[in-house]
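# Notes for the structure review
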Amino acid sequence: MSNPIVLIAEELSPATVKALGPDFEIRNCDGANREELFRSIVDADAILVRSATKLDSEALSHAKKLRIIARAGVGLDNVDVAAATTQGIMVVNAPTSNITSAAELAVSLLLASARNIVPANIALKKGEWKRSKFTGIELSEKTIGIVGFGRIGVLVAQRLAGFGVHLIAYDPFVQPAKAATHNVKMVSLDELLEQSDFITVHLPKTPETAGLIGEEALKKVKPTVRIINASRGGIVNEQALFTALKEGRVAGAGIDVYDSEPCTDSPLFTLDQVVSTPHLGASTDEAQEKAGIAVAKSVRLALSGELVPDAVNVSGGAIAKPVRPLLPLVENMGRIAAGLVAGAINRVHVEVSGEVVENELKILEISAMKGILTQLVHEPVSYVNAPLLAKDRGIETSLHTTLESPNFKVVAKVELTTNTGEVASASGTITGPNSTIKLVGIDKYELDVAISDQMAFIQYEDRPGMIGIIGGILGKSEINIANLQLARETKGGNALVVLTLDSEIPQSVLSEIANALDAKFAKTVNLS
């Protein structure tokens, strides 16, 4: 019997092939060449890629034997995970391969900014000896604010601790006790902005974090502050930062990521006090080698039928057939519920009712955590790493089942509790031959709305004219409403509007709606 075929579509570390071992037939192709990719993928059992190979539904339609796609890196923007899952193809990546490199780059940018290393280097190479012009500052005794305290944020804190700094962090999803183990004090974003001598950003880019460090935030910082972004472009508003630097309201910056990439022409590049690099966070030999070895190990496990820790989609396995449709249902209820709370989550409770409870449902606790953590953390979340990530954050989970389901064949509810006592829940069901997921409840509000990629939830005091205001503001912003449902407690009591939309609502537009309605809350949830 011939060995399984492993197709390497891009240049990878030599350690990758070594880690695969002798049990496979290794082939190579240029994954960026579509015709060559289509020909080569036909009889491949596995394919290894980086970022240049686009594995969309068209490419996957040519794959007749493919069992696993391995991305030697963190992001999966070039892989259609949904299409792969439909075809029963496992998708894996290397979620922790670059975290050390990313953390070290952030520290490098911070130090380079503090000591004016880049402009001093350029001047000296031009024959200019200008020591006094490039006087810098020490890190010792300074306050460093870490925006986003996930794995990379923690690594940054550990590396900076040796400089004798005061560490504070903002992350609404991290419990203060967890941060305290790293000698980091959790604070509000405003407190961090006001107190920090250096600010380093380590957040995922979401509708809530896009533009987080923008014009208003930069009005609250010290004029001596230096801002570092080696996370995701767009979290720091580049135009607002440029203006603040020009006006002397910010002393310096270190930027590795940009709102639009590749970026070769930015006003920030004209300023001596800005250190700029071309998205080098994962660009180290070690990170590339770690990524290659990690995905090679995943390929070996997958092709031998064993558990794959870094799988980002579920292949079914021993999960009972009636339970499988509940996986995306519960995951999406978790994502919606997580989008409705602001504090650090410490408890997750899953309730399932209907005849399906006669099957083993423990996987649904993990499915709920996968959905919740997808909304909260930077790294990809899988059915294997979700419990570990939950444990790291001190989140407890529980599952309750009941055979009785008077209104629907099956209902799944995910309820979250935060460390401040805030509680939010989302309930859903599956209907029709296409297993359409419907949202049937938010907290005590009864609903009946099919979920979509873009959803918004607005709670306000019930009174006439509110729907018109919402429609008017969205219309002015050219945002089309696909569906709208109103639920209320009592006439004149609290009301909840749920919107499904054709496009994302910018935070500024959502804030305008919230202010116009004097809303109790206004949240968006992206389920794409």
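Note: the structure precedes this text.
Below, the structure is looked at part by part. Treat the numbers as computed from the prediction; the structure is a model and nothing was measured.

To continue, consider the sheet that holds strand β12 (residues 274–276). Pairing within the open sheet is parallel, and its seven strands lie in the order β8-β7-β6-β9-β10-β11-β12. Of all strands in the sheet, those with a lone pairing partner are β8 (185–186) and β12, marking the two edges. Against the sheet, helix α11 (residues 238–246) makes contact with β10 (226–229), β11 (252–255) and β12, and its axis sits at roughly 150° relative to β11, the strand it touches most.

Quick look at the nonpolar core now. In terms of nonpolar packing, the biggest core is built from 52 residues, with I336, V348, L439 and F457 touching the most fellow members. Element by element, the count of residues in this core is highest for helix α13 (residues 326–339), at eight residues. The contacts of F457, once residues within four sequence positions are left out, are I336, L340, L439, I442, L496, V497, V498, F521, A522, K523 and V525.

Moving on to the pattern of salt bridges. Counted by the stated rule, this structure contains 19 salt bridges. The partner of K65 in a salt bridge is D45, with the nearest N and O atoms 3.7 Å apart. Here D45 lies in the loop between α2 (34–41) and β3 (46–49) and K65 lies in the loop between α3 (57–60) and β4 (68–71), a separation of 20 residues in the sequence. According to the relative accessible area criterion, D45 is buried, its value standing at 7%. Where K219 meets E216, a salt bridge forms, and the shortest distance between an N and an O atom there is 3.3 Å. For the pair shown, K219 and E216 are each scored as exposed. One connected set of salt bridges, linked through shared partners, spans E25, R27 and D43.

The rules behind the values
Throughout this document, residue positions are counted from 1 along each chain, in the order its sequence is written. Selection of residues for local features in this predicted model requires a pLDDT of at least 70, selection of side-chain atom pairs for listing and counting requires 80 or more, and totals for whole chains, interfaces and linings are taken over all residues. Heavy atoms throughout the structure, all of them, feed into the side-chain values; hydrogens and water do not. Two strands form a pair only when DSSP identifies at least two bridges running between them. Segments assigned H or I by DSSP are reported as helices when at least four residues long, segments assigned E as strands when at least two residues long, and all are numbered from the N terminus. Residue contacts are counted whenever heavy atoms from the two residues lie within 4.5 Å of one another. Lines fitted to C-alpha atoms define the axes here, with helix axes fitted over just the stretch in contact, and angles between the N-to-C directions of these axes take values from 0 to 180 degrees. Definition of nonpolar core: a set of buried residues of the types Ala, Val, Leu, Ile, Met, Phe, Trp, Tyr and Cys, connected through side-chain atoms within 4.5 Å. Residue burial is assigned from relative accessible area. The probe radius is 1.4 Å, only protein chains are included, and a residue is buried under 20% of its type maximum, exposed over 50%, and partly exposed in between. Take a side-chain nitrogen of Lys or Arg and a carboxyl oxygen of Asp or Glu: if they are within 4 Å of each other, that pair is a salt bridge.

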